[in-house]
Amino acid sequence: GENGVQGRAVRVGTRRSQLARIQTDSVVSMLRELYPDLHFEIVAMSTTGDKILDTALSKIGEKSLFTKELENALEKNEVDLVVHSLKDLPTSLPPGFTIGAVCKRENPLDAVVFHPKNCGKTLSLLPEKSVIGTSSLRRAAQLKKKFPQLEFRDIRGNLNTRLKKLDEKEDFSAIILAAAGLKRMGWQNRIGQLLGPEDCLYAVGQGALAVEVRAKDQEILNMVSALHDADTVLCCIAERAFMKRLEGGCSVPVAVNTLLKDGQLYLTGAVYSLDGSDSLKETMQTSVNYPHQNEDGPNDDVQHVGVTAKNVPSQAQEAAENLGIELANLLLSKGAKHILSVARQLNDA
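Residues numbered from 1 in each chain as written. Predicted model: local features only at pLDDT ≥ 70, side-chain atom pairs only at ≥ 80, totals over all residues. Heavy atoms only, no water.

By the naming in an unreviewed UniProt entry, the protein is Porphobilinogen deaminase, taken from Sclerurus mexicanus. Turning to the protein, the UniProt record has this under Pathway (unreviewed entry): "Porphyrin-containing compound metabolism; protoporphyrin-IX biosynthesis; coproporphyrinogen-III from 5-aminolevulinate: step 2/4." (UniProt positions renumbered as here; feature names shortened; annotations may be inferred.)

This is the structure in structure tokens:
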């Protein structure tokens, strides 16, 4: 109890959706295991993104669609930490907040869930003009290019709603979802096809859970930092730095793929026009093989694209961040800004 949290309830904020609750419960159960003497209390709330269901995400134009209400509660001290899907968190957090933990990443790939009548098929085997549902410009841009014979249409709602829309109506032949969400919901048996990097690069941070805390709340920050998974932290810092340098967000198709192997971090990043006809894609690598030094000093709370990870070597975090920035600069030098600004204008129109 020397960390001072003892004797009070630690309040954990979450969205109300079933997936959000499952993700939050998984984080809380890890914390309970680490800190059996502490009492954790879950506080669920609805966010703007949960309420506006008739508009495409990319059109609402609000960066913190699924996070704002949760951050307000954090700011007002109504909760002590908040669990998010990392991919919902913007690359620049509001002042006073930090990502205090990035948990071990689930499979980051996208998955195809087919209408029961198309069971056993793959995207390439669907009849021409089949309609595929996705609310992601990134998925649509890549798949339109790869499968020009298919049509892509917007589908919104939480996982339950989208699966219901798929199964109960004839509007969609298949929908694209994150494999991680399906797996966490216990629905991996619905995955008809996993889309590898050759078909579809994933979203920045996809498959990882983030714990957001008040940057100055040292006790809570120390407590949650035990949840950091070092490999996931480095991959996600590189991805977030790449996106931030490109100024990408919900409203433009930016995609990544990372691999950490033998102390080398490989980052593939790409930008796309909305219809996928125009794209730029490159891969770079860097060494993240640094020993952990005890860095107690004035800079022990350095954030890298919003992440505070004291138990991950800071030189490795720096290398990961620089990798993301350099890869973005390479794409910008080849004309990424033009592709993205056209995509943004078309989307806004």
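**Q** What exactly am I supposed to notice about the pattern of salt bridges here?
**A** When the charged atoms of two side chains with opposite charge come close together, those side chains can pair. In this structure the tally under the stated criterion is 15 salt bridges. Notably, a salt bridge pairs aspartate 110 with arginine 138, separated by 2.8 Å at the nearest N-O pair. Of this pair, aspartate 110 sits in strand β5 (residues 110–114) while arginine 138 sits in helix α5 (residues 137–146), and the two are 28 residues apart along the sequence. Among the residues examined, aspartate 110 registers a relative accessible area of 0% and is labelled buried. We classify arginine 138 as buried; its relative accessible area is 6%. Ionic pairing is found between arginine 190 and aspartate 167, a salt bridge with its closest N-O pair at 2.8 Å. Of this pair, arginine 190 sits in the loop between α7 (179–184) and β9 (193–195) while aspartate 167 sits in helix α6 (residues 159–168), and the two are 23 residues apart along the sequence. Exposure remark for aspartate 167: the relative accessible area of 30% places this residue in the partly exposed category. Bridged by salt links that share partners, the residues Arg11, Asp80, Arg214 and Asp217 form one connected network. (Salt bridge = Lys/Arg side-chain N within 4 Å of Asp/Glu carboxyl O. Helix = DSSP H or I, 4+ residues; strand = E, 2+ residues; numbered from the N terminus. Buried < 20%, exposed > 50% of the residue type's maximum accessible area, 1.4 Å probe, protein only.)

**Q** Looking at this structure, I do not really get the side chain of serine 225. What am I missing?
**A** As for its position among the elements, serine 225 is in the loop between α8 (218–224) and α9 (230–246). Within the structure, serine 225 has its side chain in polar contact with the backbone oxygen of asparagine 222 (distance 2.9 Å). When neighbours within four sequence positions are excluded, serine 225 is seen to be in contact with Gly100 and Asn311. (Polar contact = N/O pair within 3.5 Å; in protein donor to acceptor, adjacent residues only side chain to side chain. Contact = heavy atoms within 4.5 Å.)

**Q** Got a minute to help me understand the sheet that holds strand β8 (residues 174–178) in this structure?
**A** The strands making up a sheet associate through backbone hydrogen bonding, with each pair oriented either parallel or antiparallel. Here five strands make up an open sheet; going across it, the order is β7-β6-β8-β5-β9 and the pairing mixed. Only two strands of the sheet have a single neighbouring strand rather than two, namely β7 (151–153) and β9. Averaged over all pairs of adjacent strands, the angle between their axes in this sheet comes to 30 degrees, without regard to strand direction. In terms of strand pairing, strand β6 (residues 131–133) meets β8 through two bridges, oriented parallel. Bridged to glycine 133 within β8 is isoleucine 175. Contacting β5, β7, β8 and β9, α5 crosses the sheet at an angle of about 125 degrees to β8. Across the sheet, α6 touches β5 and β8, and the angle it forms with β8 is around 165 degrees. (Pairing = 2+ DSSP bridges. Axes fitted to C-alpha atoms, helices over the stretch in contact; angles between N-to-C directions.)

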